[in-house]
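The chain contents come next:
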Amino acid sequence: MDKITANFINHQEILDTLKWADENVDNHTLIDEILTKAATNKGLNHREASLLLISDKKDELFALAQKVKRDFYGNRVVLFAPLYLSNYCVNGCVYCPYKLENKEMPRRKLNQEEIAKEVVALQDMGHKRIVIEAGEHPTENSMDYIVQSIKTIQNTKYKNGSIRRVNVNIAATTVDEYRKLKAAEIGTYILFQETYHKQTYEALHPSGPKADYDWHTTAHDRAMQAGIDDVGIGVLFGLYDYRYEFCALMMHAEHLENTYGVGPHTVSVPRIRNAHDEVSIDDFPHAIDDEMFARIVATVRVTMPYTGIIVSTRETEANRLRGLQLGVSQISGGSKTTVGGYNEGDEEYENTDQFELYDNRTLGEIVEWLVANGYIPSFCTACYRLGRTGDRFMEICKSGQIQNSCHPNALMTMKEYLLDYAASREAIQAANEVIERELPKIPNEQLRATVAEYLNKINNGERDFYV
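Note that the coordinates shown come from a computational prediction; the quantities given were computed from them, not determined experimentally.

Remarks on the pattern of salt bridges
Tallying each qualifying case throughout the model produces 27 salt bridges. Among the salt bridges present, the one from Glu113 reaches Lys117, with a minimum N-O distance of 3.9 Å. Taken together, the residues Glu113 and Lys117, both in helix H5 (residues 112-125) and four residues apart, mark about one turn of the helix. When its relative accessible area of 46% is taken as the criterion, Lys117 is described as partly exposed. When the shortest N-O distance is used, the salt bridge between Arg164 and Asp464 registers 3.5 Å. With Arg164 in the loop between helix H6 (143-155) and strand E3 (165-169) and Asp464 in the segment after helix H19 (445-459), this residue pair connects regions lying 300 residues apart in the sequence. Classification of Arg164 by relative accessible area gives buried; the value is 9%. In this structure Asp464 comes out as partly exposed when scored by relative accessible area, which is 27%. Three or more residues joined by partner-sharing salt bridges are found here, namely Glu317, Arg320, Asp359 and Arg361.

Focus: the packing of helix H4 (residues 58-73) against helix H12 (residues 290-303)
Geometry of a packed helix pair, given as the angle between the helix axes and the separation of the axes. Their axes nearest at 8 Å, the elements H4 and H12 cross at an angle of 50°. Here H4 lies oblique to H12, going by the angle between them. With respect to the hand of their crossing, H4 and H12 are arranged in left-handed fashion. Of the residues in H12, those in contact with Lys58, Leu61, Phe62, Leu64, Ala65, Val68, Lys69 and Tyr73 of H4 are Glu291, Ala294, Arg295, Ala298, Thr299, Arg301 and Val302. Grouping the amino acids of the contact of H4 with H12 by side-chain chemistry returns nine nonpolar, one polar and five charged.

With respect to empty space enclosed by the protein
All chains considered together, the criterion is met by three cavities of 30 Å³ or more. Approximately 280 Å³ is the volume attributed to the second largest cavity. Where the lining of the second largest cavity is concerned, the elements lending two or more residues are strand E1 (76-86) and helix H15 (382-385). Considering every element that reaches the lining of the second largest cavity, the biggest residue donor is H15, with three residues. Here the lining of the second largest cavity is composed, by residue class, of nine nonpolar, six polar and five charged.

Some details on the nonpolar core
Soluble globular proteins: nonpolar side chains tend toward being buried together. Core analysis: the biggest nonpolar cluster contains 126 residues, and Ile132, Ile146, Leu181 and Tyr189 have the highest contact counts within it. At nine residues, the largest contribution of residues to this core is made by helix H11 (residues 242-260). With residues near it in sequence (within four places) discarded, Ile146 still touches Leu85, Ile132, Ala134, Asn141, Ile170 and Leu181. Core analysis: the second largest hydrophobic core is formed by 18 residues, Ala410, Leu411, Met412 and Ala431 among them.

Some remarks on the pairing of E1
Successive residues of a regular strand alternate their side chains across the two faces of the sheet. With eleven of eleven residues buried, E1 is to be regarded as a mostly interior element. Bridge analysis of E1 against strand E9 (residues 376-378) gives three bridges, and the strand direction is parallel. Pairing of Arg76 across the sheet is with Ile376, part of E9. In this structure, E1 lies alongside strand E8 (residues 330-332), joined through three bridges in parallel fashion. Note that in E8 the partner of Phe80 across the bridge is Ser332. Pairing of E1 with strand E2 (residues 129-134), which is carried by five bridges, proceeds in the parallel orientation. Bridge pairing in E2 links Pro82 to Val131. With H5 bridging E1 and the parallel E2, this β-α-β connection has right-handed handedness.

Digging into helix H18 (residues 425-438)
In a regular helix each residue adds 1.5 Å, so 14 residues correspond to 20 Å; H18 covers 20 Å between its end C-alpha atoms and thus fits that length. Listed as buried for H18 are Ala427, Ala431, Val434, Ile435 and Glu438. The buried residues of H18 occupy an angular sector of 100° when the element is viewed end-on, so they sit on one face. Turned more than 90 degrees away from the buried face of H18, the exposed residues are Arg425, Glu426 and Glu436. Elements that come into contact with the buried residues of H18 comprise helix H14 (363-372), E9, helix H17 (406-421) and H19.

Considering unusual backbone geometry
For Asn41, which is not a glycine, the phi torsion comes out positive at approximately 65°. The topology assignment puts Asn41 in the loop between helix H2 (28-38) and helix H3 (46-54). A positive phi angle, near 75°, is found at Glu194, a position not held by glycine. Following the sequence through the fold, Glu194 ends up in the loop between strand E4 (189-190) and helix H8 (198-204).

Digging into the packing of aromatic side chains
The geometry of two aromatic rings is summed up by the distance between their centres and the angle between their planes. Enumeration according to the criterion identifies eight aromatic pairs in this entry. Centroid distance Phe72 to Tyr306: 5.1 Å. Interplanar angle 85°. Geometry classified as edge-to-face. Placement of Phe72 in helix H4 and of Tyr306 in the loop between H12 and strand E7 (308-311) is noted, with a sequence separation of 234 residues between them. Summarising the burial analysis for this pair, Phe72 and Tyr306 share the class buried.

The rules behind these values
Residues numbered from 1 in each chain as written. Predicted model: local features only at pLDDT ≥ 70, side-chain atom pairs only at ≥ 80, totals over all residues. Heavy atoms only, no water. Salt bridge = Lys/Arg side-chain N within 4 Å of Asp/Glu carboxyl O. Helix = DSSP H or I, 4+ residues; strand = E, 2+ residues; numbered from the N terminus. Buried < 20%, exposed > 50% of the residue type's maximum accessible area, 1.4 Å probe, protein only. Axes fitted to C-alpha atoms, helices over the stretch in contact; angles between N-to-C directions. Parallel < 35°, antiparallel > 145°, perpendicular 65-115°, else oblique. Left-handed = near helix turned anticlockwise from the far one by under 90°. Contact = heavy atoms within 4.5 Å. Nonpolar A, V, L, I, M, F, W, Y, C, P; charged D, E, K, R; others polar. 1 Å grid on protein atoms, 1.4 Å probe; cavity = no way out; pocket = protein on both sides within 12 Å on 5 of 7 lines; lining within 4 Å. Points joined across faces, edges and corners; volume = space filled by probe spheres on them. Core = buried A, V, L, I, M, F, W, Y, C linked by side-chain atoms within 4.5 Å. Pairing = 2+ DSSP bridges. Right-handed = clockwise from strand over helix to strand, strands pointing away. Expected span 1.5 Å × (residues − 1). Arc of directions from axis to C-beta. Phe/Tyr/Trp six-rings, centres within 6.5 Å; stacked < 30°, edge-to-face > 60°.

Structure follows, in structure tokens:
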């Protein structure tokens, strides 16, 4: 049966947890014990994490988050871009300009030819993985349309390859519909809760299918029941008290881990942002500042060491760099949140962004920035293509074998990017120096030799090697 209740988000337990955290905020012995536990890379429960979030041991928390990030993700940063297919929507979400009541926004839905053009534009930038986005509309944005669009994306070949991983961020649906997504060979299914506080949720979602709190909150359950084992969760910080949202987000991850044997593949931590004249951050008193944003990222990292953390272009360059230092492992680059935004289009659709961007740099600029800050820009999609998803991915991550897969693949995909898209000789030289420095760090000697061979083949024009 599709309809289940979201009783794993226990309101009273959240209130009790926040009260317990307040009572123990000066218990430095307990907080030190939690930090020691987190340092074993086994994670924390929602109560421990909630106390750590507000403790005065920020320096210790940040130092530990940096260590955990290095232990599991090294200096790799996965890059992706969103692709907006349609802004037709039947929901009434107060904070979103796509809401049905917004009669001023031009509505647009890409046809398959237009989608192919968007994909070519993304590939021309150098992207290999994208996440598709669409409003909720039963006819305009049906599952058949979504699946057809995925096939178009997968079959559009341009400039040494194609988009190799298609993640999907669309509205909650049924198990049968999720099975169609699974059959379309998607990467990760992503859905943000927006707010876990039920009363606030219902006030902010007054109409449309999304108004059903339980239906929305249990979407990942149905996706996993349908066989999609890589799911991404997130909360839009600023809609309600950040401590409540954080605790509930941790409880949601625990529920998935306990019920399906694997927690979320990714966690996103977006903040409420302005959106033209429809949404103003000033109308949301629970909006968080940059310092609390950093604390949230760091605490998520030590609580869920195996989980990818995503930060989008909702954040400034400075906040994204700080996030990378504290635990973020995936960022978007060169993003457009307008339907058809990657190609020059009709002026009528120019002001159809879903939210205001705070980082407008091109993908090339972001790649050079990452390299300059000691990171390896990664366009890797190997795990998804080799079946290393769900519990199989978590197994190699927890065992430490991720250094023998993700690290080599990051180097090879960066080499591809350099040869096909790098803008300057200086950028190529800087990135090649990174490759020369990082190649010896691959633990397995035989694999290291294989990767060196593949890098040479890439240099001679061959493409798409992965291990």
